[in-house]
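Listed below are the residues making up each chain.
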Amino acid sequence: MTIDHTLFDAASDWLEHTLEHAAKDVSETHTQLADGTRITRKALGVLEVTPPADRPNPNAETLIISAGVHGNETAPIEVLNGLVNELLNGEWHAACPMLLILGNPAAMIKGDRFVDANMNRLFHGAHRKAEYQGLPEAVRAQQLEEFCRDFAGRYTGALNHYDLHTAIRPSQREKFALYPFVEGRQVPADQCDFLLEADVETLLLQHKEGTTFSSFSSSELGAESFTIELGKVRPFGQNDLSRFTGIRDALRRRFRGHPAPAQASDRITVFKVVYEILNTGDSFEFHIPDDVANFTAYGTGEVIWEDKDTRYTVGDIPESIVFPNRQVPVGQRVGLLIRPLQRDEA
Ligand SMILES: O=C(O)CCC(=O)N[C@@H](CCC(=O)O)C(=O)O
Ligand SMILES: [Zn+2]
């Protein structure tokens with residue numbers, strides 16, 4: 001490895017630098033690769049890649065790729081860091097402008113989903129709410145929004161954002177993507193092809209705007225954005241990276257500006273979110289066990305949650321649970337209920 005250490009001080013790579021400096025400020029710095037690509041370390045865990053102006057960008061796109069918005073979701077962090085190492089090592093040339101983000105370094109060091117507040121609920125302006133004022137995760141969400149806004153504002157090509165995660169629970173469908181809700185929008189076929197290329201065969205359509213990173217970039221920046229769940233949460237070093245080669249190879253292909261391989265888009269299974277379960281407070285009872293897998297289905301009449309005022313039972317069409325988690329603050333998401341998208345709903 002012949003990495004230029006002006007970018008990462010004495011650290012061996014981007015991830016090591018990000019973890020070592022998690023409690024410190026780092027200033028902006030940049031370097032130029034032998035092929036003329038400029039790499040700017042904008043801040044801790046934020047790299048901008050700028051190919052030389054005369055290099056073709058065959059897919060006419062700009063990319064934002066984020067991982068580690070939840071600190072314990074380490075596999076996508078390792079995948080993204082591996083791709084950065086390849087780039088810095090001169091193994092291939094970057095074709096498109098890219099903003100690469102390791103979201104929450106302090107939580108990565110702790111090995112936890114977050115430190116003070118779930119950062120993936122603080123985007124799309126939510127970091128401005130009084131209850132989050134001054135929290136490091138609110139400051140970081142605002143900083144990441146600003147970097148993305150600045151990056152998006154400097155380019156005209158199609159903007160795409162893939163926010164990479166892994167799930168807390170096991171899942172009947174190991175890899176799946178969530179498409180943030182934007183009024184009147186439909187998922188483009190080439191995005192489904194990309195998901196399939198990355199071995200992601202299941203897509204969930206959100207039913208309302210949210211405060212996730214991908215909701216921010218799609219609603220505020222007009223990006224085609226997805227949250228992508230790639231497997232299960234594990235600590236650094238304990239991931240079986242052979243289960244993540246689909247996303248690694250698909251991203252590398254995009255970074256290099258190579259054409260998309262042909263895919264059969266009808267292979268993707270699409271669900272829509274029909275209901276978001278929220279923690280309603282003291283009398284809230286969630287009837288789904290803690291160890292249930294994502295996509296477990298519940299039949300007509302089954303009670304999912306209740307409190308002193310409300311009892312939610314499944315209606316005529318079975319519904320499946322995704323992201324069940326009762327350990328969330330009042331007002332936050334305890335889970336999503338989904339059902340397959342019918343043909344006439346497409
Ligand atoms: O497994 C879980 O319960 C959570 C995994 C995760 O972090 N998922 C994202 C999904 C974001 C979205 O809805 O687009 C999250 O909860 O932030
Ligand atoms: Zn996550």
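The rules we used
Residues numbered from 1 in each chain as written. Chains lettered and ligands numbered in written order. Predicted model: local features only at pLDDT ≥ 70, side-chain atom pairs only at ≥ 80, totals over all residues. UniProt positions renumbered as here; feature names shortened; annotations may be inferred. Helix = DSSP H or I, 4+ residues; strand = E, 2+ residues; numbered from the N terminus. Core = buried A, V, L, I, M, F, W, Y, C linked by C-beta atoms within 7 Å. Buried ≥ 20, exposed ≤ 12 C-beta atoms within 10 Å, placed from the backbone. Domains from an automatic or database assignment. Contact = placed C-beta atoms within 7 Å. Pairing = 2+ DSSP bridges.

The name an unreviewed UniProt entry gives the protein is Succinylglutamate desuccinylase, with Marinobacter salinisoli as the organism. UniProt lists a comment for the protein under the heading Function (unreviewed entry), and it reads "Transforms N(2)-succinylglutamate into succinate and glutamate." According to UniProt, the comment filed for the protein under the heading Pathway (unreviewed entry) is "Amino-acid degradation; L-arginine degradation via AST pathway; L-glutamate and succinate from L-arginine: step 5/5."

K.L.:
Summarise the UniProt feature "domain: Succinylglutamate desuccinylase/Aspartoacylase catalytic" (unreviewed entry) in the protein; cite the residues concerned and give the values.
P.N.:
If you check UniProt for "domain: Succinylglutamate desuccinylase/Aspartoacylase catalytic" (unreviewed entry), the listed places come out as residues 61-251 in our numbering. Structurally, residues 61-251 comprises 34% helix and 20% strand, and the distance from its first C-alpha atom to its last is 13 Å.

K.L.:
Which residues make up the nonpolar core, and what are the values?
P.N.:
Counting 83 residues, the largest nonpolar core has Leu80, Met98, Leu100, Ala177, Leu195, Leu203 and Leu204 as the members making the most contacts within it. With 8 residues, the top contributor of residues to this core is helix α3 (residues 74-88). Composition of this core by domain shows at least three residues from each of domain 1 (5-267) and domain 2 (277-345). In this structure, Met98 is in contact with Val49, Leu63, Ile65 and Phe255, ignoring residues within four places of it in sequence.

K.L.:
Report on the sheet that holds strand β13 (residues 303-306), specifying residues and quantitative values.
P.N.:
Sheets are built from strands that pair by backbone hydrogen bonding, the pairs being arranged parallel or antiparallel. Strand order across the open sheet formed by 3 strands is β11-β13-β14, with antiparallel pairing between neighbours. The sheet is open, and its two borders are formed by β11 (285-286) and β14 (311-313), each paired with just one other strand. Pairing between β13 and β14: 3 bridges, direction antiparallel. What sits directly across from Trp305, in β14, is Tyr312.

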